[in-house]
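Chain by chain, the residues:
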Amino acid sequence: MPTLSAIDKLMPILGRAVSKMEEPAVEKISEDSKNDAFQVLISTMLSAQTKDAVTHAASMRLFAVAKTPKTVAALTTARIETLIYPVSFYRNKAVHVKETCKQLTARFGGKVPSTMEELLTLPGVGRKTANLVLLIAHESGDNICVDTHVHRICNRLGWVRTRTPEQTEMALYRVAKKKWWPIINLYLVTWGQNVCKPVYPRCRACAISAYCPRLGVTKEGKA
Ligand code: SF4
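Residues numbered from 1 in each chain as written. Predicted model: local features only at pLDDT ≥ 70, side-chain atom pairs only at ≥ 80, totals over all residues. Heavy atoms only, no water.

Here we take up the pattern of salt bridges. This structure, assessed with the given rule, holds seven salt bridges. Measuring nitrogen to oxygen at the nearest pair gives 2.6 Å for the salt bridge that ties Lys178 to Asp142. Remark: Asp142 occurs in the loop between helix 9 (127–137) and helix 10 (148–156) and Lys178 occurs in the loop between helix 11 (165–175) and helix 12 (181–194); sequence separation between them is 36 residues. (Salt bridge = Lys/Arg side-chain N within 4 Å of Asp/Glu carboxyl O. Helix = DSSP H or I, 4+ residues; strand = E, 2+ residues; numbered from the N terminus.)

Let us now look at unusual backbone geometry. The omega angle of the peptide bond from Tyr85 to Pro86 is 10 degrees, so this bond is cis rather than trans. The topology assignment puts Pro86 in the loop between helix 6 (77–84) and helix 7 (90–107). With phi around 55 degrees, Gln49 is a residue other than glycine that occupies positive phi space. Mapped onto the elements, Gln49 comes out in the loop between helix 3 (37–47) and helix 4 (52–65). Non-glycine residue Phe89 carries a positive phi angle of around 50 degrees. Secondary-structure assignment places Phe89 in the loop between helix 6 and helix 7.

Another aspect to go through is the site of the ligand. Close to the ligand lie Arg156, Cys196, Pro201, Cys203, Cys206, Ile208, Ser209, Cys212, Arg214 and Val217, which account for all nearby residues. The residue inventory of the shell around the ligand, partitioned by class, reads seven nonpolar, one polar and two charged. (Near = heavy atom within 4 Å. Nonpolar A, V, L, I, M, F, W, Y, C, P; charged D, E, K, R; others polar.)

Summed over all chains, the structure comprises zero disulfides. In this structure Cys101 is a free cysteine whose sulfur lies 20 Å from that of Cys145, the closest cysteine sulfur available. Classification of Cys101 by relative accessible area gives buried; the value is 0%. (Disulfide = S-S within 2.5 Å. Buried < 20%, exposed > 50% of the residue type's maximum accessible area, 1.4 Å probe, protein only.)

Next up, the structure:
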């Protein structure tokens, strides 16, 4: 496990570096929609295993047609599929989006709930999506959102030794100071998309390479 100071030392360096990079799609959508919880929820559902540009374009196509739980629930699943294609698993996601919108309308008065327990009752919503909604749309300071980028990079850096994103989330609550919780996702997702890539991490171009043990890294990409 890292000392607190290792994370404290690297987070500001990462913060400076990612401030010059493009923001992840869901953050962009959140800003453009003035933190609309519904758009954050749906775009996060669409983002799983999908490139950012594809997520952004698909979300924009859907929200151009319908941007409330009620209006999205009124679309047919086939129409939602067409609008969100080519996000990964677009057929499953269309079913989940429609069902989630129906439940938001029927059970939550058309609002996105603000607790983990309630969010996890929605179809297709797991901890990653729920945490991101709580962090971005409900401005929670009590959550850490761990996706594959955060999971991979935290293990390469030796901040955690875990097998699943959920284990990483729980480990980070123990090893990271609370002030970093809301921004770990933004920094490490941006870092994972631009530098610490899954297969060929760009270690020679990495601002934190001097502090990184590169655990599990076998191949490096171009600088
Ligand atoms: S040095 Fe390489 S493995 Fe470590 S954070 Fe940078 S890109 Fe990732």
